[in-house]
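Residue strings, one per chain:
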Amino acid sequence: MPHLFDPLTLRGVTLRNRVGISPMQQYCAAEDGRPTDWHLGNLLPRALGGAGLVFVEATAISPEGRSGNGDIGLWEDAQIPAHARLASAIAAAGAVPGVQLGHCGRKGSRPPQWQAPPLTPGWTTLAPSAVAFGDYDAPQAMTEADIAKVLADIAAATARAVAAGYRVIELHAAHGYLLHQFLSPLSNRRTDTWGGSYENRSRIVLDAMRAARAAMPDDHVLALRVSHTDWVEGGWTTEETVRLGQDCKAVGVDLFDVSSGGLSPEQKIPMGPGYQVPGGEAVRQGSGIAVATVGMITEAGQANDIVGAGRADMVLIAKASMRDPYWPLRAAATLGCLDRIGVAPQYERGWLAFGALTLDKSITAPLPALG
Ligand SMILES: Cc1cc2nc3c(=O)[nH]c(=O)nc-3n(C[C@H](O)[C@H](O)[C@H](O)COP(=O)(O)O)c2cc1C
């Protein structure tokens, strides 16, 4: 029975355990889209905290693909060194560095969540169809040339992500962003080969995954974040996500990161602990692709049960890791397996009281009391 602290191998990449840090945008890039000291300071503790995989936040494939001015990007080579610094810091702390590449489509050109719109100056957003998200500005429907540019930008950003040292590269097709806008019939009203049937709506995603796979070495992991449902009548469905899992597996995708919603303000989400686990489980069972599950996973036992029962191959945590970057270490202490997580030797003394740590033989003083 798999355990939360068993390693997970996908292609040539082995995660030391099955806990990942979910991508979390910080909205504070340097003006040229480079990650800053904030990003390094934010991500390094989460890698030191014991996670097997640490995702760098949604990273724009083009300036027009940003959610706003604070997004980091990989649309030009000059951005690679700042990403390389993040990737090497995460790897030095024992976690596998991953990055999420994305394009926001009609959800772009917005200020950070803590500021009121509009973004000044903003830009005209692109989407499959000229259908606005709620009260956002209406996007422009994409031409064939716009679609070709997105696919070329994905390939180029993937190659830059590899050059930066990321070993897991995830494309963002969830939360109502561009690729999700193509998948959902609510946002994709096209009548050409990019809209209508499941085959047409999913075409750009499969082309994107082929382009990304071709731009990375065989031993790197290719992942896709999907919303398994829009939670709206007439929208993208879990059944279609299962089919997409089968199709993506066939073009070399290794991991589905299964989230939900974000496409429509009409969504009714049955929020609760582990509420997206059933969707991920359906995809895992129906398509045979490895699945990362995410969403209100906050307790060690809960996470261990999900993996142990084969409902997902790994869990991702987001807000719980904002509260506590050492969530994986604490989970290992709670589950009585600190010895299996591999505490960094520099940190061992801090965790000795919580479990069977045997690495540092030089300590002779009595252990501190728990408390
Ligand atoms: C501050 C913040 C930023 C986020 N940024 C991203 C992002 O860049 N890409 C993404 O796919 N999801 C993003 N998310 C969603 C999380 O990755 C995660 O899926 C969601 O918060 C549910 O997990 P949780 O219940 O553990 O927080 C963000 C969430 C938060 C709280």
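In the annotation of an unreviewed UniProt entry, the chain is listed under the name Oxidoreductase and assigned to Rhodovarius crocodyli. UniProt, in the comment section headed Cofactor (unreviewed entry), describes the chain in these words: "FMN".

Considerations on the packing of helix H2 (residues 80–92) against helix H3 (residues 144–164)
Packed helix pairs are specified by the crossing angle of their axes together with the interaxial distance, meaning the distance between the axes. Here H2 crosses H3 at 50 degrees, and the two axes come no closer than 8 Å. With respect to each other, H2 and H3 are oriented oblique. Viewed along their axes, H2 and H3 form a crossing whose handedness is right-handed. Contact residues: H2 offers Ile80, His83, Ala84 and Ala87, while H3 offers Arg160, Ala163 and Ala164. Considering only residue class, the contact of H2 with H3 consists of five nonpolar, one polar and one charged.

Topic: the UniProt feature "domain: NADH:flavin oxidoreductase/NADH oxidase N-terminal" (unreviewed entry) in the chain
Following the UniProt record, one finds the feature "domain: NADH:flavin oxidoreductase/NADH oxidase N-terminal" (unreviewed entry) at residues 4–333. Between the first and last C-alpha atoms of residues 4–333 the distance is 12 Å; the span itself is 35% helix and 17% strand.

Some words on the site of the ligand
Near the ligand lie 16 residues; those nearest to it are Ser22, Pro23, Gln25, Gln100 and Met296. For the ligand, an oxygen atom lies 3.1 Å from a polar atom in the backbone of alanine 58. At a separation of 2.9 Å, an oxygen atom of the ligand approaches a polar side-chain atom of arginine 225. When isolated, the ligand has an accessible area of 610 Å², and the protein chains bury 84% of it. Residues of the shell around the ligand, tallied by class, amount to eight nonpolar, six polar and two charged.

What counts, and at which threshold
Residues numbered from 1 in each chain as written. Predicted model: local features only at pLDDT ≥ 70, side-chain atom pairs only at ≥ 80, totals over all residues. Heavy atoms only, no water. UniProt positions renumbered as here; feature names shortened; annotations may be inferred. Axes fitted to C-alpha atoms, helices over the stretch in contact; angles between N-to-C directions. Helix = DSSP H or I, 4+ residues; strand = E, 2+ residues; numbered from the N terminus. Parallel < 35°, antiparallel > 145°, perpendicular 65-115°, else oblique. Left-handed = near helix turned anticlockwise from the far one by under 90°. Contact = heavy atoms within 4.5 Å. Nonpolar A, V, L, I, M, F, W, Y, C, P; charged D, E, K, R; others polar. Near = heavy atom within 4 Å. Polar contact = N/O pair within 3.5 Å; in protein donor to acceptor, adjacent residues only side chain to side chain. Areas by Shrake-Rupley, 256 points an atom, 1.4 Å probe, with all protein chains shown as cover.

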